[in-house]
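# Coordinate inspection notes
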Amino acid sequence: MTLLLDTHVLLWAAGAPERLPADLREEMESPRTKLFFSAASLWEIAIKSGLGRPGFRVDARLLRRALLENGYTELPVTGAHAVMVDLLPAIHKDPFDRILVAQAQTEGLTLLTADKEVGRYPGPIRVI
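Residues numbered from 1 in each chain as written. Predicted model: local features only at pLDDT ≥ 70, side-chain atom pairs only at ≥ 80, totals over all residues. Heavy atoms only, no water.

So, on to the overall build of the protein. Scanning the protein for helices and strands turns up six helices and five strands. Computed over C-alpha atoms, the radius of gyration of the protein comes to 14 Å, within 12% of the 14 Å expected from 2.2 N^0.38 for 128 residues, which places it in the range of a compact globule. Summed over all atoms, the accessible surface of the protein reaches about 7,000 Å², with 55% contributed by carbon and sulfur. Seen as two clouds, the 15 positive and the 16 negative side-chain charges of the protein have centres 3 Å apart. (Helix = DSSP H or I, 4+ residues; strand = E, 2+ residues; numbered from the N terminus. Rg over C-alpha atoms; globule rule 2.2 N^0.38 Å. Areas by Shrake-Rupley, 256 points an atom, 1.4 Å probe, with all protein chains shown as cover. Lys, Arg positive; Asp, Glu negative; His and termini not counted. Charge placed at Lys NZ, Arg CZ, Asp CG, Glu CD.)

So, in structure tokens, the structure goes:
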């Protein structure tokens, strides 16, 4: 299983794993599961942290380092991901969520999200 974690799920996995269902934590810890995080999530965290948004008070640099040290794979945003966004239906307006959906679709990853609106997109999306 290959999972791309949306920003909130990523933050929960890194800093508040108890917010994730126990069966999901077990799946994420399995050696058969490959976990990905997007550079777009780090960008979102850096922006929202700088704005003082609750839930985003984390140093994106430290988070990135910790994720890499814990076996996560970083997924850069590419031109292929960017141009895929215009093919998405207008379900969600958040550009960070839209690029994550485009990345999951382009790369054949399952996007793991807590956002029911994101879950309305076609493709490999799993709402927790």
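There is more to say after this.
Take the side chain of D6 next. Its location among the elements puts D6 in the loop between β1 (2-5) and α1 (7-15). The side chain of D6 is buried and forms no salt bridge, while K48, the nearest opposite charge, is found at 10.0 Å. A distance of 3.2 Å separates a polar atom in the side chain of D6 from the backbone nitrogen of H8. From its side chain, D6 meets the backbone nitrogen of V9 in a polar contact 2.9 Å long. (Buried < 20%, exposed > 50% of the residue type's maximum accessible area, 1.4 Å probe, protein only. Salt bridge = Lys/Arg side-chain N within 4 Å of Asp/Glu carboxyl O. Polar contact = N/O pair within 3.5 Å; in protein donor to acceptor, adjacent residues only side chain to side chain.)

Take the environment of L109 next. As for its position among the elements, L109 is in the loop between α6 (95-107) and β4 (110-113). Look at L109 and you get buried, because its relative accessible area is 5%. On a C-alpha basis, the gap between L109 and G123 in space is 9.2 Å, while along the polypeptide they are 14 residues apart. Excluding its chain neighbours within four sequence positions, the residues that come into contact with L109 are T2, L4, F36, L75, A104 and P124. (Contact = heavy atoms within 4.5 Å.)

Our focus in this paragraph is the nonpolar core. Residues L5, L20, M28, Y72 and L112 are the most contacted members of the largest nonpolar core, which totals 20 residues. Within the residue set of this core, elements represented by two or more residues are β1, α1, α2 (22-29), β2 (34-38), α3 (39-50) and α4 (60-69). Apart from the residues lying within four places of it in its own chain, the contact partners of L20 are V9, W12, A13, R25, M28 and I128. Membership of the second largest hydrophobic core comes to 16 residues, among which are L100, V101, L109 and L111. (Core = buried A, V, L, I, M, F, W, Y, C linked by side-chain atoms within 4.5 Å.)

The next thing to look at is the sheet that holds strand β5 (residues 125-127). The five strands lie next to each other as β3-β2-β1-β4-β5, forming an open sheet whose pairing is parallel. Of all the strands in the sheet, the pair left with one neighbour each is β3 (73-75) and β5. Neighbouring strand axes in the sheet, compared pairwise and without regard to direction, differ in orientation by 35 degrees on average. Contacting β1, β2 and β4, α1 runs over the sheet at an angle of about 100 degrees to β1. (Pairing = 2+ DSSP bridges. Axes fitted to C-alpha atoms, helices over the stretch in contact; angles between N-to-C directions.)

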